[in-house]
Amino acid sequence: MSSINMAWFDEMESRIPRGGVRTRFAPSPTGYMHVGNLRTALYTYLIARKYGGKFILRIEDTDQERYIDGAIDVIYKTMKKCGLAHDEGPDIGGPVGPYTQTQRRDFYLKYAELLIEKGGAYRCFCGRDDADDEDPSDEKAIKKYDGRCSRLSEREIEEKLKSGAPYVIRQKIPEGKTTFSDMVFGEITVENDTLDDNVLIKSDGLPTYNFANVIDDHLMGITHVVRGSEYLSSTPKYNLLYKAFGWDVPNYIHCPPVMRDAHNKMSKRHGDPSYEDLLLLGYLSDAIVNYVALLGWSPGGEREIFTLPELVDVFDIGGISKSPAIFDIAKLNYFNSEYIRAMSLDDFHRLALPYIKSSVKKCTDTMAIAEILHQRCEKLTDIPDKLDFFDRLPEYDKSLYINKKSKTDESVSLKMLESALPVLEDIDDWTHEGVHNALFSLVEKLEVKNATLLWPIRIAVSGKAVTPGGAVEICHILGKEETISRIKSGIKKLNSATH
RNA sequence: GGCGCGUUGGUCAAGAGGCUAAGACACCGCCCUUUCACGGCGGUAACACGGGUUCGAUUCCCGUACGCGUCACCA
């Protein structure tokens, strides 16, 4: 029975890198990146970089049911776009490959058998879920496996095996209590009798997630296990596994969840945006990463804006919070506008161009448009609506001409437009400066507030109360002909409306 | 139900026995301004509750409440 080939295990062990931090991000290929996942990946990356260690990408694709075509590509693309470059992974290899779980399936059974030898596991021949109470309505039922197969004699096992009875391999939970230490939650102790003899190897010979994880983390030399706090409860079982093998236990860093509201995690099901969705919604990757870093972690000071390298610098495991954080899109908006404003005009122009073009076809000076947009844009997808008046003057109500602060009403506005018309017609040099000078000298001549003249002009040329840029910018971009035509129609509108 | 974890303003959060309990977002007001935005100034708003320990608790301990997680041959 002891057909265990120790040489093979020695070989596996000898591949494990020693000394130095190694972290891993181990997503399942589901086709998109949750915000919570992204944050876990980010923290995992930051810890590796912070301590000059290695950041490893491992694909946990053992669930064939949920396999989605192209999902692995999404992971690569997302990581790359976020700047979370891995040092080892399925695509680039490394010393402890393969890095895809389906390609490691042989390892797990061997280690499970080793564990049986070591007394940390046993074969269980009980059928699948032959629990007494299969009534699901009995919500509070505690169905704990009673561990009867762990008491089988050598001979009984022999016989069952010979008869070809199907079996699973279960973890043998010893008596006593288990204490483990988490870098976020501190020391946690549980009584072992609250732990179940979990299945390690399923009857089909494939490992359960819990087992595969421990084996892989060990064989890959992972020193810091970063994962969601939903694993806190099962960590004692992992610890017992490490102990049964005689392996060093890694450092644990359990992260609280990212919530959509006080009660629910962010989820695709509830329509919450994934990382990809946020991109589509017009958010910048850097802004998303920065914001997400601050959900459940605080650098302690007052600063909030950090680039990725800066995050590496200031990141501190002690700053990770124990309680969940609610994702607040309004705050993301703020980060996004900060990032947009911090960009150079050229960069912004390049980024905004498709959005500008989707709404403005007639004006060609996209740079001038980008310029008025630049400092007042929360997200890229807001752009088309802000610019829709350029191609076509919208229907508008003449009441827009009334503005207290500018001291305008309909009749004042009419006067302003009538005086502006010949001045505008007279401009040969239709540049921003040319329009500006002409209009401001008219202001002086009329002895009115700037706004008294400029408000009605802006309304006439845009038809909107709120526009990016002021009257001068809009007139300039619109061009002479279009500007004059819109002023004329404004005059007409006001004339027909006199009471 | 057992076990585990959590609880500072609407949200993110600092704080770590003695503070007028930071800061940011959002909101409101004022200023600036050619609208909005930006910027500047100011404002509303919080330690879940009850017991201890202590000269003194947001901070330490114990309960209670509420919430979350977990108890799969899913990851």
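Residues numbered from 1 in each chain as written. Chains lettered and ligands numbered in written order. Predicted model: local features only at pLDDT ≥ 70, side-chain atom pairs only at ≥ 80, totals over all residues. Heavy atoms only, no water.

Q: Explain the pairing of strand β3 (residues 121-124) to me, please; I cannot follow it from the model alone.
A: Side-chain direction in a regular strand flips from residue to residue, so the side chains alternate between the two faces of the sheet. By the alternation rule, side chains of β3 split into Ala121 and Arg123 and Tyr122 and Cys124, which are all buried. When β3 meets strand β4 (residues 168-171), the two strands line up antiparallel, connected through four bridges. Paired with Tyr122 across the bridge in β4 is Arg170. (Buried < 20%, exposed > 50% of the residue type's maximum accessible area, 1.4 Å probe, protein only. Helix = DSSP H or I, 4+ residues; strand = E, 2+ residues; numbered from the N terminus. Pairing = 2+ DSSP bridges.)

Q: Teacher, can you tell me more about the pairing of strand β5 (residues 177-182) here?
A: By the alternation rule, side chains of β5 split into Thr178, Phe180 and Asp182, which are all buried, and Lys177, Thr179 and Ser181, of which none is buried. Bridge analysis of β5 against strand β6 (residues 186-191) gives six bridges, and the strand direction is antiparallel. Bridge assignment links Asp182 to a residue of β6, and that residue is Gly186.

Q: For this particular structure, what's the right way to read the layout of surface pockets?
A: Empty space among the atoms can be located by rolling a probe the size of a water molecule over them. Of the pockets and cavities examined, the largest pocket occupies roughly 990 Å³. For the largest pocket, the lining is made up of 38 residues, of which Ser28, His34, Asn37, Glu230 and Tyr231 are closest to its centre. Listing elements by their share of the lining of the largest pocket, those giving two or more residues are β1 (22-25), α2 (35-50), α3 (71-82) and β8 (224-228). Residue composition of the lining of the largest pocket, by class: 17 nonpolar, 13 polar and eight charged. (1 Å grid on protein atoms, 1.4 Å probe; cavity = no way out; pocket = protein on both sides within 12 Å on 5 of 7 lines; lining within 4 Å. Points joined across faces, edges and corners; volume = space filled by probe spheres on them. Nonpolar A, V, L, I, M, F, W, Y, C, P; charged D, E, K, R; others polar.)

Q: It is not clear to me how the packing of helix α9 (residues 285-293) against helix α11 (residues 329-342) should be interpreted in this structure. Could you clarify?
A: Axis angle and axis distance: for two packed helices, these are the angle between their axes and the distance between the axes, and together they describe the pair. Across the interface, α9 lies against α11 with an axial gap of 9 Å and an inter-helix angle of 135 degrees. Comparing their axes, α11 and α9 come out oblique. As for how α9 packs across α11, the hand of that crossing is right-handed. Mapping the contact onto sequence places Asp286, Ala287, Ile288, Asn290 and Tyr291 in α9 and Lys331, Leu332, Phe335, Asn336 and Tyr339 in α11. Broken down by class, the residue content of the contact of α9 with α11 amounts to six nonpolar, two polar and two charged. (Axes fitted to C-alpha atoms, helices over the stretch in contact; angles between N-to-C directions. Parallel < 35°, antiparallel > 145°, perpendicular 65-115°, else oblique. Left-handed = near helix turned anticlockwise from the far one by under 90°. Contact = heavy atoms within 4.5 Å.)

Q: Even after reading the chapter, I still don't get the protein's contact with RNA strand B, so can you show me in this structure?
A: Neighbouring RNA strand B are 60 residues; Lys202, Gly296, Glu304, Arg376 and Lys405 lie closest to it. Of all RNA strand B atoms lying within 4 Å of any protein atom, the proportion belonging to sugar or phosphate reaches 67%. In this structure, a base nitrogen belonging to RNA strand B sits 2.9 Å away from a side-chain N or O atom of Lys331. Ala471 is positioned such that a nitrogen or oxygen atom in its backbone is 3.0 Å from a base oxygen of RNA strand B. Put simply, the parts of the chain that give the surface near RNA strand B at least two residues each are β4, β6, β11 (325-326), α11, α16 (432-446), α17 (450-462) and α18 (471-478). (Near = heavy atom within 4 Å. Polar contact = N/O pair within 3.5 Å; in protein donor to acceptor, adjacent residues only side chain to side chain.)

Q: Even after reading the chapter, I still don't get a negative patch on the surface, so can you show me in this structure?
A: On the surface, Glu154, Glu156, Glu158 and Glu159 cluster together to form a negatively charged patch. Here Glu156 lies in helix α5 (residues 154-162). Judged by its relative accessible area of 36%, Glu156 falls in the partly exposed class. (Patch = residues over 30% accessible without salt bridge, like charges linked within 9 Å, V, L, I, M, F, W, Y side chains within 5 Å. Areas by Shrake-Rupley, 256 points an atom, 1.4 Å probe, with all protein chains shown as cover. Salt bridge = Lys/Arg side-chain N within 4 Å of Asp/Glu carboxyl O. Lys, Arg positive; Asp, Glu negative; His and termini not counted. Charge placed at Lys NZ, Arg CZ, Asp CG, Glu CD.)

Q: Hey, could you run me through the pattern of salt bridges in this one?
A: Pairing is possible between side chains of opposite charge, provided their charged atoms come close. This structure, assessed with the given rule, holds 20 salt bridges. Residue Arg58 is joined to Asp216 by a salt bridge in which the shortest nitrogen-to-oxygen separation is 3.8 Å. You can see Arg58 sitting in the loop between β2 (54-57) and α3 and its partner Asp216 sitting in helix α6 (residues 209-219), a full 158 residues away along the chain. Each member of the pair, Arg58 as well as Asp216, is classed as buried. A salt bridge links Lys331 to Glu304; the shortest N-O distance between them is 2.9 Å. Of this pair, Lys331 sits in helix α11 while Glu304 sits in the loop between α9 and α10 (308-314), placing them 27 residues apart in sequence. Accessibility expressed as a relative area gives 31% for Lys331, which makes it partly exposed. You can call Glu304 partly exposed: its relative accessible area is 28%. Through salt bridges with shared partners, a single network forms among Arg24, Arg58, Glu60, Arg104, Asp216 and Asp217.

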